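Below are the chains, spelled out letter by letter.
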Amino acid sequence: MIVDIIQKNLSRIENDLKEIEGIENIDFIDIFPTSEEHKLQLENEIKDIATLKLKTERGNIYTLNNPLDTKYGKLEWIKIRYFDESRLNWEAAADFVVKDRNILCAKVDKDNRFVYIKRSDWDAIEFKTKDTLIYFLHPLASQVYSKKGEENG
């Protein structure tokens, strides 16, 4: 189920990704359960294929025991989000590495699909359409969560 959700999401966002210059690779993916029962199914499945790295206020973060080969590189980091009715439009949100993030930053005030988000540990450019929810973080989610996992581990 998890691999199917990831592959379906990456296929669905493919056309919108063509608008992003300099995509280098995928870094991370959030999976949004459609119900509390779905969240439990996802967590039951992931415990056999990944290692829990960190529990956060929005969900649990895992590294796949065997990274998943995708069209956009190897995917290792996954978050299974807590059920949230505000996220029902999307099954997942992928984070990507881009060659020059400044190109995306310049689009924030010119294109309403791009939004700048600032948090204490990171900042992001969010790209959102009817079909797509994509993030470009700095530092990368994998770096942020790897560091937090070491601090908590």
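Residues numbered from 1 in each chain as written. Predicted model: local features only at pLDDT ≥ 70, side-chain atom pairs only at ≥ 80, totals over all residues. Heavy atoms only, no water.

### Side note on the pattern of salt bridges
For clarity, the cut-off: Salt bridge, as used here, is a side-chain nitrogen of Lys or Arg placed within 4 Å of a carboxyl oxygen of Asp or Glu. Think of it this way: any DSSP run of H or I at least four residues long counts as a helix, any run of E at least two long counts as a strand, and we number them from the N terminus. Relative accessibility under 20% of the residue-type maximum defines a buried residue, over 50% an exposed one, and the middle range a partly exposed one, all with a 1.4 Å probe and only protein chains included.
Counting across every chain of the model gives 14 salt bridges. The shortest N-O distance in the salt bridge between Glu 19 and Arg 113 comes to 2.7 Å. With Glu 19 in the loop between helix H2 (14-17) and strand S1 (23-31) and Arg 113 in the loop between helix H4 (101-105) and strand S6 (114-118), this residue pair connects regions lying 94 residues apart in the sequence. Residue Glu 19 is classed as partly exposed on the basis of its relative accessible area of 35%. Here Glu 36 makes a salt bridge to Lys 39, at a shortest N to O gap of 3.5 Å. One end of the pair, Glu 36, and the other, Lys 39, are both in helix H3 (residues 36-46), 3 residues apart, so they sit about a helical turn from each other. A relative accessible area of 42% means that Glu 36 is categorised as partly exposed. For Lys 39, a relative accessible area of 8% corresponds to the buried category. The network of salt bridges with common partners includes Lys 8, Arg 12 and Glu 91.

### Some words on the packing of aromatic side chains
One pair of aromatic rings is described through two measures. These are the centre distance and the angle between the planes. For clarity, the threshold we go by: Within 6.5 Å between ring centres, the rings of Phe, Tyr and Trp (the latter by its six-membered ring) count as paired, and their orientation is classed by plane angle as stacked under 30 degrees, edge-to-face over 60, tilted in between.
Evaluation of the coordinates by the stated rule reveals 3 aromatic pairs. Consider the rings of Tyr 72 and Phe 96, whose centres lie 5.3 Å apart with planes at 85°: the pair is edge-to-face. Taken as a pair, Tyr 72 in the loop between strand S3 (59-70) and strand S4 (73-81) and Phe 96 in strand S5 (residues 92-98) lie far apart in primary sequence, 24 residues in all. With respect to burial, Tyr 72 and Phe 96 carry one shared label: buried. Seen from their ring centres, Phe 114 and Phe 127 are 4.7 Å apart, and the 40° between their planes marks the pair as tilted. Of this pair, Phe 114 sits in strand S6 while Phe 127 sits in strand S7 (residues 123-128); the two residues are 13 residues apart in sequence, bridging distant segments of the chain. The buried category is assigned to Phe 127, whose relative accessible area is 0%.

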